[in-house]
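# Structural overview for review
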Amino acid sequence: MTMSREVFVAGVGMSRFGGPAQSIEERIVASGLAALGDAGIAYAEVQTLYAGSAMADPTFAVRVVKEFGLTGIPVVRVENASATGAAAFYEAVHAVAGGRVDVAMAIGFDDPAAKGIDFNNAGKVSGISDAISPMAFFSMWAVRRMAERGTSVETLATIAAKNWNNARHNPFAERQADAEVTVEQVLASRPLSYPHTARMAAPQGAGAAAAIVISREAAHRLGVPTNVRVSAAQAHSERYEPGHLFLGSIVGPPEMAHRGAYAAYDEAGIGPDELGVIAFHDAYAIEELLYYEEIGLCGPGEGDRLVADRATEISGRHPVSTDGGFIGRGHPGGPSGLAQIWELTQQLRGQSGSRQVRNPRSGLAHIIGAGSVCYTHILEAR
Amino acid sequence: MTAQVAAESLVSIEPEKYLISPAGVELLGSQSDVTGNTFWPRRLRCPETGGTVHPVSLASTGTIWSWTLVSFPWSGEFSAGPETGYYAALVDLDKNGPRVVAVLLQTESRAQVGSRVQAVPLPFRTVDDHVLSILAFEEVTA
């Protein structure tokens, strides 16, 4: 799907992921008000709202957004696993792009601990699907990669250390290390699922994030800057290929990242070398390594060299996970995709402080949900 | 890791996906009437073409595509099984079969990517007189 008219990011907001005890309702309201404040508009201007949660009870989303006001607009709950926030953003973008509304809001939130979600495989096992932890599937990607390409555990630890250290410059990141995190510290942390250690995996504290998108006409009318344009909004699901898994549907084929990115490049009219900032679904370090290659930052098998060359650091030629990514910033579920939009928007505006990339013109956000869906957005500085 | 129980008392915890009998483990799959490709677990329709499928028994042997060691104990109601962690594997079944996921019962030889394995039951919970078992693979050593 392509956009028939221009859409701009009017405002973004988020609460710190994890961090001090705060109710999910407070996080939702704080992130939504932050986005409205960033846009400089009142909630009364919002014409439709997509509320994304991967874990909330069925009616929770429509109840909690009443805190913003009862203005009579369409409110739709969105759920697409880890990609929920990106799905809400995608729907908001296309609601504006298609001309149905001029101002749309996407908000995502989740509190995995409050829901009793334990991705470490707690509970009564009733079969293979819940016997094998989701993390095992990502780790089996890593073991396969090590066997095929000779990737080292140190390469995975280097990616994770980068993201931990990027998070040190993001006040909204869940992980706030007191001092620089070393590769050795990552390797020495608690084993999770070989070859991943605890510091190579995303934390899952609570969080909320929001974004408001707007048409050019409404931006002009409301005095909202049009300095960040949504130049691509793509959604895909799996295609069958040999080796496809139909059980344990947490991890789909990395091929979706390739397809999503190249569809987004076509829509935006740019190539991977023009991306100044990149956000991935990097819940585990192996994902980031594989996605380098899938979205075309380098050729097949060349991701390890990209890491060795420090090309994906903030000062490198392909800055990835500048806010800490899932590993550093955190991955509550519903808000994760919107936190990516928050980071890209801040970077493209030049508002990222000590983690600011040098003059990025375009940024890409990639996220998967349940291994079965993939959202890819490209934002462009204007 | 495997509890010593009589083979006659073992039953599959998910008989719609695999059956367990004294003769061994039978994986229940589907085969596309259009492409001939096989899938596991059983599908209602062919995921490639949307066409019809028919039920087939899949090979119970295969080759490890990848594996991992999960460093957490299983939780829940277990009468047998790993206490501090468990191996899992993705296995490409023989006879051009599908890739399946299961517990991997490691032996001293340490199965690796490319190792040959066969399906075996892993008993882990007793209900009445039955020992519920889950799908596992172990290396073929012969």
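Preceding block: the structure.
What you see is a predicted model, and the numbers here were worked out from it, not measured in a lab.

### What to know about the interface of chain A and chain B
- With 31 residues of chain A at the contact, the number on the chain B side is 39 residues.
- Contact with chain B buries area across many residues of chain A, yet Ile128(A), Met140(A) and Phe246(A) alone supply 22% of it, more than any other trio.
- Applying the counting criterion to the chain A and chain B interface returns zero salt bridges.
- Applying the counting rule to chain A against chain B returns nine residue pairs in polar contact (both at pLDDT 80 or more).
- Counting residues per element, the ones that place at least two in the side of chain A that touches chain B are α4 (128-131), α5 (134-149) and β5 (191-193) of chain A.
- Per-element accounting of the side of chain A that touches chain B gives the leading share, eight residues, to α5(A).

### So, the environment of Phe72(B)
Residues and elements named next belong to chain B.
- Within the secondary structure, Phe72 is located in the loop between β6 (61-70) and β7 (86-93).
- For Phe72, a relative accessible area of 13% puts it in the buried group.
- C-alpha separation for the pair Phe72 and Gly114, spaced 42 residues apart in sequence, amounts to 25 Å.

### Examining helix α9 (residues 255-268) of chain A
Residue and element names in this part refer to chain A.
- Across its 14 residues, α9 extends 20 Å between first and last C-alpha, which sits within 8% of the 20 Å expected from 1.5 Å per residue.
- Within α9, the full set of buried residues consists of Met256, Ala257, Arg259, Gly260, Ala261, Ala264, Tyr265, Glu267 and Ala268.
- Buried residues along α9 sit against β8 (228-237), α10 (285-294), β10 (362-369) and β11 (373-381).
- In the stretch just after α9, Gly269 is the one whose phi turns positive, near 75 degrees.

### Side note on the packing of helix α3 (residues 84-97) of chain A against helix α13 (residues 336-349) of chain A
Residues and elements named next belong to chain A.
- Axis separation between α3 and α13 bottoms out at 4 Å; the angle between their running directions is 65 degrees. Counting all contacts with α3, which are made through Gly85, Ala86 and Phe89, the residues of α13 involved are Gly337, Leu338 and Ile341.
- Taken together, the residues of the contact of α3 with α13 break down into four nonpolar, two polar and no charged.

Calculation notes
Residues numbered from 1 in each chain as written. Chains lettered and ligands numbered in written order. Predicted model: local features only at pLDDT ≥ 70, side-chain atom pairs only at ≥ 80, totals over all residues. Heavy atoms only, no water. Contact = heavy atoms within 4.5 Å. Buried area = accessible area lost by both parts, 1.4 Å probe. Salt bridge = Lys/Arg side-chain N within 4 Å of Asp/Glu carboxyl O. Polar contact = N/O pair within 3.5 Å; in protein donor to acceptor, adjacent residues only side chain to side chain. Helix = DSSP H or I, 4+ residues; strand = E, 2+ residues; numbered from the N terminus. Buried < 20%, exposed > 50% of the residue type's maximum accessible area, 1.4 Å probe, protein only. Expected span 1.5 Å × (residues − 1). Axes fitted to C-alpha atoms, helices over the stretch in contact; angles between N-to-C directions. Nonpolar A, V, L, I, M, F, W, Y, C, P; charged D, E, K, R; others polar.

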